[in-house]
Amino acid sequence: MIEFKNVSFQYEGSEQQIWNVNLSIAQGECVVLTGVSGCGKTTLTRLMNGLAPSYFKGSISGSICIDDRDITGMTAWEIGKTVGSVFQNPKSQFFSSELVGEVAFGCENHGFSREAIQERTDKSIETFSLSLIRKRPLDVLSSGEKQLIAIASVCTMEPKVIVMDEPSANLDSDAMVRLGA
């Protein structure tokens, strides 16, 4: 499903880099990357979802394949249909000011039917226990609630791969249990 072969990456203007990463993740597998701050975990997620080097500029070598396709030959929207991303700071990925619009946004952007968008949105809101805050504006919600909304919005699209950068950082213990389920 995800394969890194001899991948090295260095951000423009940075002395630090990741080098010679070899990684193979099978479909259905859950992998947790751990390490000290600054060791390259976020960089690996940005490489998996195609944000590096297209958005986060830098030099790359080696190959990255997602679903048996080299991502260098894929457009951003193609990668986005296969790889859903939850960023470290959920506010940085919001496009709407309200919960339902945010959870539905990805499906709307990918051209799903109105019925499919409604069904998937309602399912994600229920799955992540967001019904009680459904009508509240995003800017008044807690960091943990925003994190759950970011995760729900990605899950609504049902991508083959979900890449999360510190997904439980803002969650309370109950929300962490729901996330792991």
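Please read these numbers as outputs of a predicted model, since none were measured by experiment.

**Q** Explain the environment of Lys-91 here, please?
**A** Inspection of the secondary structure puts Lys-91 in the loop between β5 (83-86) and α4 (99-109). Once the C-alpha coordinates of Lys-91 and Gly-58 are considered, the two residues, 33 residues apart in sequence, prove to be 25 Å apart.

**Q** Would you explain the packing of helix α5 (residues 114-127) against helix α6 (residues 143-156) in this entry?
**A** For any two helices packed against each other, the geometry comes down to the angle between their axes and how far apart the axes lie. Where α5 meets α6, the closest approach of the two axes is 9 Å, and the angle between their N-to-C directions is 140°. Our classification of the angle between α5 and α6 gives oblique. You can see that α5 and α6 cross each other, and the crossing is right-handed. Between α5 and α6, the residues in contact are Arg-120, Thr-121 and Ser-124 and Ala-152, Cys-155 and Thr-156, respectively. Its residues placed into classes, the contact of α5 with α6 shows two nonpolar, three polar and one charged.

**Q** Mind showing me how you'd approach the packing of aromatic side chains here?
**A** Any two aromatic rings considered together are summarised by their centre-to-centre distance and by the angle between their planes. Evaluation of the coordinates by the stated rule reveals three aromatic pairs. On the numbers, 4.9 Å between centres and 90° between planes, the contact of Phe-9 with Tyr-11 is edge-to-face. Neither residue differs from the other here; Phe-9 and Tyr-11 are each classed as buried. Arranged with centres 4.9 Å apart and planes meeting at 85°, the rings of Tyr-55 and Phe-56 form a pair that is edge-to-face. The cationic tip of Arg-46 hangs over the ring face of Phe-56; the distance from NZ or CZ to the ring centre is 3.6 Å.

**Q** Help me understand the pattern of salt bridges, please; the structure alone is not making it clear to me.
**A** Opposite charge on two side chains permits pairing when their charged atoms draw close. Here the structure, examined in full by the defined rule, presents four salt bridges. A salt bridge links Lys-160 to Asp-67, with the nearest nitrogen and oxygen atoms 2.6 Å apart. Placement of Lys-160 in the loop between α6 and β6 (161-164) and of Asp-67 in the loop between β3 (58-66) and β4 (69-70) is noted, with a sequence separation of 93 residues between them. For Lys-160, a relative accessible area of 54% translates into the label exposed. Among the residues examined, Asp-67 registers a relative accessible area of 28% and is labelled partly exposed. In this structure, the salt-bridge partner of Arg-134 is Asp-122, at a minimum N-O distance of 2.8 Å. With Arg-134 in the loop between α5 and α6 and Asp-122 in helix α5, this residue pair connects regions lying 12 residues apart in the sequence. Since its relative accessible area comes to 24%, Arg-134 is described here as partly exposed. The class of Asp-122 is partly exposed, set by a relative accessible area of 29%.

**Q** What's the story with the pairing of strand β2 (residues 18-25) in this structure? I'm lost.
**A** Looking along a regular strand, one sees the side chains alternate between the two faces of the sheet. Here strand β1 (residues 2-11) runs beside β2; their pairing, made up of five bridges, is antiparallel. Across the sheet, the residue bridging to Phe-9 is Ile-18, located in β2.

**Q** Sorry, what's going on with the side chain of Thr-45 here?
**A** Residue position: Thr-45 is located in helix α1 (residues 41-48). For Thr-45, a relative accessible area of 9% puts it in the buried group. Those residues within four positions of Thr-45 in sequence are excluded, and the remaining contacts are Val-163 and Asp-165.

**Q** Looking at this structure, how should I read the sheet that holds β2?
**A** Sheets are built from strands that pair by backbone hydrogen bonding, the pairs being arranged parallel or antiparallel. The four strands lie next to each other as β2-β1-β3-β4, forming an open sheet whose pairing is antiparallel. What marks the edges here is a single partner per strand, and that holds for β2 and β4. Alignment of β1 against β3, held across eight bridges, turns out to be antiparallel. In the sheet register, Lys-5 faces β3, and the bridge partner there is Ser-63. In the packing of α1 onto the sheet, the strands contacted are β1, β2 and β3, and the crossing angle to β1 comes to about 120°.

What counts, and where the lines are drawn
- Residues numbered from 1 in each chain as written.
- Predicted model: local features only at pLDDT ≥ 70, side-chain atom pairs only at ≥ 80, totals over all residues.
- Heavy atoms only, no water.
- Helix = DSSP H or I, 4+ residues; strand = E, 2+ residues; numbered from the N terminus.
- Axes fitted to C-alpha atoms, helices over the stretch in contact; angles between N-to-C directions.
- Parallel < 35°, antiparallel > 145°, perpendicular 65-115°, else oblique.
- Left-handed = near helix turned anticlockwise from the far one by under 90°.
- Contact = heavy atoms within 4.5 Å.
- Nonpolar A, V, L, I, M, F, W, Y, C, P; charged D, E, K, R; others polar.
- Phe/Tyr/Trp six-rings, centres within 6.5 Å; stacked < 30°, edge-to-face > 60°.
- Buried < 20%, exposed > 50% of the residue type's maximum accessible area, 1.4 Å probe, protein only.
- Lys NZ or Arg CZ within 6 Å of the ring centre and 35° of its normal.
- Salt bridge = Lys/Arg side-chain N within 4 Å of Asp/Glu carboxyl O.
- Pairing = 2+ DSSP bridges.

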